[in-house]
Amino acid sequence: MNPLSTRPRHATGSHRSGICLFAGAALGLGGVCGSATVRADDISWSNSNGGTFSVGTNWIGGVVPGTADFALFGRTRPGNPQQQYTVSFTTSPTNQGINVQDDAVTFDLNGRIYALTFFTAMRIGTSVTAPGGLTLTDGIVTTGPSSVVLIGDTVGATGSLTISTGAQLLGPEVQVGRFSPGSLFVQSGGDLVGGDLLLGIGGAAAPGFVTITGVGSNAVVEEMTIGLVGQGAVNIQAGGRIESTVATLGSSASAVGAVNVDGVNSRWTSSGDLTVGESGRGTMDITAGGQVACNTGRLGNRLASTGTVNVVGVNSRWTCSNDCKVGAEGSGTLNIGSGGRVECFRGAVGDILGSTGSVAITGGSQWLCTGEFIVGDRGLGSALVSGGSLVQSASGLIGIGDFAQDASTVAVIGAGAQWINSSDLTVGAFGRAQLSVLSGGEVRCANGNIASRGGQSSVSVSGAGSSLTATGNISVGGDIAHGFNGGTASLDIDAGGTVSAGGVVAIFPLGEVTLRGGTLDAANIGLAFSSGGVFSFLGGVLHSDGVGFSLLNQGGTLAPGHSAGSTFIAGDYTQQAGTMEIEIGGTTPGTQFDRITCGAASLGGTLDLRLINGFVPSPVQSFTILDASTIAGAFANGASGHRVPISNAAGSFVVHYGPASPFDPTNIVLSNFGPCPADFDSDGTIDFFDYDTFVICFEGGPCPPGKTADFDADGTIDFFDYDSFVVAFESGC
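Residues numbered from 1 in each chain as written. Predicted model: local features only at pLDDT ≥ 70, side-chain atom pairs only at ≥ 80, totals over all residues. Heavy atoms only, no water.

> How should the overall build of the protein chain be read in this particular structure?
When its secondary structure is counted, the protein chain shows two helices and 70 strands. Rg of the C-alpha trace for the protein chain: 40 Å, well past the compact-globule value of 27 Å for 733 residues, more than 25% over. The long-range fraction of contacts in the protein chain, counting pairs at least 24 apart against all pairs at least 6 apart in sequence, stands at 66%. By element, 53% of the accessible surface of the protein chain is carried by carbon and sulfur atoms, the whole surface being about 26,600 Å². In the protein chain, 27 positive and 55 negative side-chain charges are present, and the distance between their average locations comes to 21 Å. (Helix = DSSP H or I, 4+ residues; strand = E, 2+ residues; numbered from the N terminus. Rg over C-alpha atoms; globule rule 2.2 N^0.38 Å. Contact = heavy atoms within 4.5 Å. Areas by Shrake-Rupley, 256 points an atom, 1.4 Å probe, with all protein chains shown as cover. Lys, Arg positive; Asp, Glu negative; His and termini not counted. Charge placed at Lys NZ, Arg CZ, Asp CG, Glu CD.)

Dropping the structure here:
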């Protein structure tokens with residue numbers, strides 16, 4: 001028979017001891033459940049050296065306990081050493097129950113079956129003289145269909161039960177720590193197959209401890225309550241396994257429950273829900289390859305409860321086939337570290353109104369959700385993803401409800417840290433939310449919405465390699481896809497950060513995008529509802545095919561399109577400072593060289609010219625790089641009619657714009673490609689070697705091939721030539 005495949009089920013509405021009155025207190029025996037039970041004798045073991053169960057001389061009175069009797073084991077006397085002995089079985093007896101009072105007894109069952117039929121099948125630890133201990137080996141103990149095993153059943157006593165070396169205990173509910181401390185050990189291939197398993201029933205003075213250790217050691221039970229009123233702790237280690245239906249850690253407000261699942265092949269499977277911190281405190285550690293599986297996982301389930309789960313180590317795993325709630329209604333903390341992994345359908349951090357949840361995914365760990373990953377649903381949540389770790393979800397949401405006073409936060413920090421959403425990411429729906437992508441972190445989604453319906457929310461992307469990528473749109477202060485005008489929103493891009501949108505970056509009336517550094521790369525940037533939104537271009541690089549408003553550049557780099565490309569500005573372009581970066585890789589505008597189209601253009605800052613794709617212009621080619629309605633101002637490094645050097649190669653263009661231009665005065669045109677005169681040594685770089693070489697030539701020394709000291713080409717070598725060279729040298733060309 002394989003007892004693990006024929007697990008008993010019990011149709012009781014409450015824990016079984018709760019409906020029974022215990023009698024025979026003077027003898028320390030079991031009780032009655034209902035009035036119809038008939039008891040016979042309580043027969044005590046007499047041989048302190050051990051012996052055979054079925055030999056009458058080993059029992060007081062010379063009579064072996066029968067089917068209506070209770071067997072007592074209590075040879076230890078006050079002031080004397082605890083009696084330790086082995087009882088061997090050569091038959092398969094039946095008794096009503098047993099009571100191990102204060103001896104350390106081993107039942108060597110020798111392959112036999114020992115049947116216990118009374119409601120209270122076992123009481124272990126019922127005397128204050130010494131701890132009561134029972135070890136089962138090499139056989140089966142069965143109990144009745146509604147029986148209980150009580151370990152630590154008398155105030156001031158201590159009890160322990162060990163199921164070892166091929167032994168099986170079948171059928172009972174097991175209560176560990178009922179009125180006094182109790183311990184249950186399943187080891188060396190032992191099996192417990194029973195009803196409910198309850199630990200820490202009798203308050204602070206009655207903790208309950210369970211250890212399942214070793215490959216082949218199993219406990220298959222129904223409900224598990226770890227810390228009912230007092231303290232309960234379970235250790236599953238070295239390949240041990242537990243199966244349960246529903247499991248609760250820290251059941252009542254005073255209770256404390258702890259579980260440790262440690263080591264490869266150590267496993268706890270709950271077919272129903274697993275609650276860490278029901279009304280009290282709960283802690284679960286999954287380490288060194290241990291694994292836990294359940295339906296729904298809850299951390300901090302009720303008000304004032306706390307639940308903490310640590311999943312640490314490569315191959316350590318917690319799998320929830322349904323939701324994983326960190327802070328269901330109370331306070332929850334989930335730490336996933338050093339390669340640990342959590343899998344679920346829906347992840348919720350700060351789930352119910354009044355709850356708080358905190359998650360840290362570090363050290364190359366993972367939290368994988370096939371559905372939503374929510375931080376701050378109606379409660380307050382925070383999540384940290386760092387150290388090359390990954391969060392993966394269908395959709396991501398931060399700060400959904402408007403109940404929390406503070407903002408729910410997610411920080412994705414460090415190279416390799418990722419939050420990948422196959423669908424949309426919402427940073428603040430009605431609530432407050434903050435998303436920080438820092439120091440190389442990466443966030444991906446289909447569409448991104450910031451403060452989509454209301455509230456106040458922000459996104460910050462900063463640090464080398466940090467990125468936020470949306471294959472679709474990014475809405476700042478609303479939801480462009482659904483036409484919702486939302487709340488106050490900000491998107492800040494700082495040095496090293498990159499924000500990319502395959503569609504539009506839509507700035508709503510209460511939205512603000514600030515580009516201080518890094519890169520903003522979007523197909524289009526526009527103002528939703530045509531008013532109120534703010535785009536601050538203070539630094540960084542802007543790539544966009546279209547800008548739906550007048551653009552003020554106060555220190556950034558406008559780089560049209562996408563190498564090469566074009567930018568259409570539906571308004572004026574003012575470059576107070578910063579740079580206009582133009583790439584030239586051929587003669588076709590918008591695809592081979594950059595072009596900007598705008599209303600009125602006001603120039604300042606610098607013009608940065610670059611050659612790409614190995615292209616070398618000829619002196620007769622010209623390139624219109626800006627088409628405006630009017631042009632005012634001038635580039636600091638290139639007045640109209642002057643040469644501007646190529647920044648990434650040898651050579652320069654003459655730039656033309658404004659009234660003095662031989663071309664259309666409302667265009668910026670590059671022409672007359674050629675070398676920079678100030679590159680006097682023709683090495684492609686303008687530096688002090690050029691200055692020294694010119695001075696030597698000017699003073700009558702040798703000149704480089706093809707060069708002359710007549711720099712202004714007026715036929716006379718004089719200080720006007722020197723001044724002209726210095727001007728060209730200082731201007732960079």
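> Can you walk me through the nonpolar core in this structure?
What tends to happen in soluble globular proteins is that the nonpolar side chains get buried as a cluster. Counting 143 residues, the largest nonpolar core has Phe73, Phe107, Leu184, Trp268, Trp318, Leu334 and Trp367 as the members making the most contacts within it. Core analysis: the second largest hydrophobic core is formed by nine residues, Phe694, Phe698, Ala728 and Phe729 among them. (Core = buried A, V, L, I, M, F, W, Y, C linked by side-chain atoms within 4.5 Å. Buried < 20%, exposed > 50% of the residue type's maximum accessible area, 1.4 Å probe, protein only.)

> I keep staring at helix H2 (residues 719-731) and nothing clicks. Help me out?
Taking 1.5 Å of rise per residue, 13 residues should cover 18 Å, and H2 covers 18 Å from first to last C-alpha, within 8% of that figure. Among all positions in H2, only Asp721, Phe725, Val726, Ala728 and Phe729 are buried. Along the long axis of H2, the arc covered by the buried residues comes to 165°, so they all point the same way. Every exposed residue of H2 that faces more than 90 degrees away from the buried side is listed here: Phe719, Phe720, Val727 and Glu730. Summarising the contacts, the buried residues of H2 are in contact with helix H1 (688-698). The N-cap residue of H2 is Asp718: its side-chain oxygen and the backbone nitrogen of Phe720 are 3.1 Å apart. Gly732 sits one or two residues past H2 and shows a positive phi near 95°. (Expected span 1.5 Å × (residues − 1). Arc of directions from axis to C-beta. Polar contact = N/O pair within 3.5 Å; in protein donor to acceptor, adjacent residues only side chain to side chain.)

> How do you make sense of the packing of aromatic side chains when you look at a structure like this?
The description of an aromatic ring pair uses the distance of the two centres, along with the angle that the planes make with each other. As enumerated under the stated definition, the model contains 37 aromatic pairs in all. On the numbers, 5.1 Å between centres and 55° between planes, the contact of Phe653 with Phe673 is tilted. You can see Phe653 sitting in strand E69 (residues 652-656) and its partner Phe673 sitting in strand E70 (residues 667-674), a full 20 residues away along the chain. Residue Phe653 shares its accessibility class with Phe673, and that shared class is buried. With a centroid separation of 5.2 Å and 90° between ring planes, the pair formed by Phe680 and Phe694 is classed as edge-to-face. You can see Phe680 sitting in the loop between E70 and H1 and its partner Phe694 sitting in helix H1, a full 14 residues away along the chain. When sorted by exposure, Phe680 lands in the same class as Phe694, which is buried. Through successive ring pairs, a cluster of aromatic residues spans Phe680, Phe688, Tyr691, Phe694, Phe698, Phe711, Phe719, Tyr722, Phe725 and Phe729. (Phe/Tyr/Trp six-rings, centres within 6.5 Å; stacked < 30°, edge-to-face > 60°.)

> Hey, could you run me through the side chain of Ser217 in this one?
Position of Ser217 relative to the elements: it lies in the loop between strand E19 (208-213) and strand E20 (218-220). Within the local environment of Ser217, its side chain forms a polar contact with the backbone nitrogen of Gly189, the two atoms lying 3.0 Å apart. Those residues within four positions of Ser217 in sequence are excluded, and the remaining contacts are Val186, Gln187, Ser188, Gly189, Gly190, Ile212, Gly240 and Arg241.

> What is the right way to read unusual backbone geometry from this model?
Among all residues except glycine, the phi angle is most often negative; among peptide bonds, the trans geometry is most common. Cis geometry marks the peptide bond from Ser563 to Ala564, where omega comes out at -20°. One non-glycine residue, Asn315, lies in the positive phi region at around 75°. Note on placement: Asn315 falls in the loop between strand E31 (306-312) and strand E32 (317-320).

> What am I meant to see in the state of the cysteines here?
A disulfide bridge is the covalent bond that connects two cysteines by way of their sulfur atoms. The tally for this structure, following the rule as stated, stands at one disulfide. Cysteine Cys369 shares no disulfide, and the gap to the nearest cysteine sulfur, in Cys344, comes to 3.5 Å. Residue Cys369 is classed as buried on the basis of its relative accessible area, which comes to 5%. (Disulfide = S-S within 2.5 Å.)

> What exactly am I supposed to notice about the pattern of salt bridges here?
Pairs can form between side chains of opposite charge once their charged atoms are near each other. All chains considered together, the criterion is met by 16 salt bridges. The partner of Arg298 in a salt bridge is Asp273, and the shortest N-O contact between them spans 3.0 Å. Of this pair, Arg298 sits in strand E30 (residues 297-299) while Asp273 sits in the loop between strand E26 (267-270) and strand E27 (274-276), and the two are 25 residues apart along the sequence. Owing to a relative accessible area of 21%, Asp273 belongs among the partly exposed residues under this scheme. Two residues, Arg346 and Asp323, come together in a salt bridge whose shortest N-O distance is 3.3 Å. On the criterion of sequence distance, the pair formed by Arg346 in strand E36 (residues 346-349) and Asp323 in strand E33 (residues 323-326) is long-range, its members being 23 residues apart. Accessibility expressed as a relative area gives 12% for Asp323, which makes it buried. Three or more residues are tied together by salt bridges with common partners; here these are Asp323, Lys325, Arg346, Asp351, Glu372 and Asp377. (Salt bridge = Lys/Arg side-chain N within 4 Å of Asp/Glu carboxyl O.)

> So what exactly am I meant to see when it comes to the environment of Asp712 here?
Relative to the assigned elements, Asp712 resides in the loop between H1 and H2. Non-local contacts of Asp712, meaning those with residues more than four positions away in its chain, are made with Asp718, Phe720, Asp721 and Ser724.

> Just to check I follow, could you spell out H1 for this structure?
Note that an α-helix has 3.6 residues per turn; residues three or four places apart therefore point the same way. Listed as buried for H1 are Asp690, Thr693, Phe694, Val695, Cys697 and Phe698. Between the side-chain oxygen at the start of H1 and the backbone nitrogen of Phe689 there is a gap of 3.1 Å, and the oxygen is on Asp687. One or two steps after H1, the chain reaches Gly700, where phi turns positive at roughly 100°.

> Just to check I follow, could you spell out the side chain of Asp608 for this structure?
One can find Asp608 in strand E65 (residues 606-611). Since its relative accessible area comes to 13%, Asp608 is described here as buried. Here Ser647 takes part through its side chain, which lies 2.6 Å from a polar atom of the side chain of Asp608. For Asp608, the contacting residues outside a window of four places in its chain are Thr579, Met580, Glu581, Ile582 and Ser647.

> Would you mind going over the environment of Arg77 with me for this structure?
Relative to the elements of secondary structure, Arg77 occurs in the loop between strand E3 (70-73) and strand E4 (84-88). Taking the C-alpha atoms as reference points, Arg77 and Ala130, separated by 53 residues in sequence, lie 8.4 Å from one another.

> Explain the environment of Thr94 to me, please; I cannot follow it from the model alone.
Residue position: Thr94 is located in strand E5 (residues 94-95). Sequence spacing of Thr94 and Thr248 is 154 residues, and the spatial spacing of their C-alpha atoms is 34 Å. Beyond its immediate stretch of four places on either side in the chain, Thr94 contacts Gly66, Thr67, Ala115 and Thr117.

> What's the story with the pairing of strand E25 (residues 256-262) in this structure? I'm lost.
Each regular strand displays side chains that alternate between the two surfaces of the sheet. Alternating residues of E25 divide into Gly257, Val259 and Val261, all buried, and Val256, Ala258, Asn260 and Asp262, none buried. Of the strand pairs in this sheet, E25 and strand E28 (residues 281-287) are connected by seven bridges, and their pairing is parallel. Residue Val259 lies in a different strand from E28, and its bridge partner there is Met284. (Pairing = 2+ DSSP bridges.)

> Explain the confidence of the model for the protein chain to me, please; I cannot follow it from the model alone.
In low-pLDDT regions, the fine details of the predicted coordinates are not to be read closely. On average, the protein chain scores 93 in pLDDT, and the residues at 70 or more come to 94%. In this model, residues 1-39 is a region of pLDDT below 50 whose contacts with residues beyond four sequence positions or in other chains number 88 contacts. (pLDDT = per-residue confidence, 0-100.)

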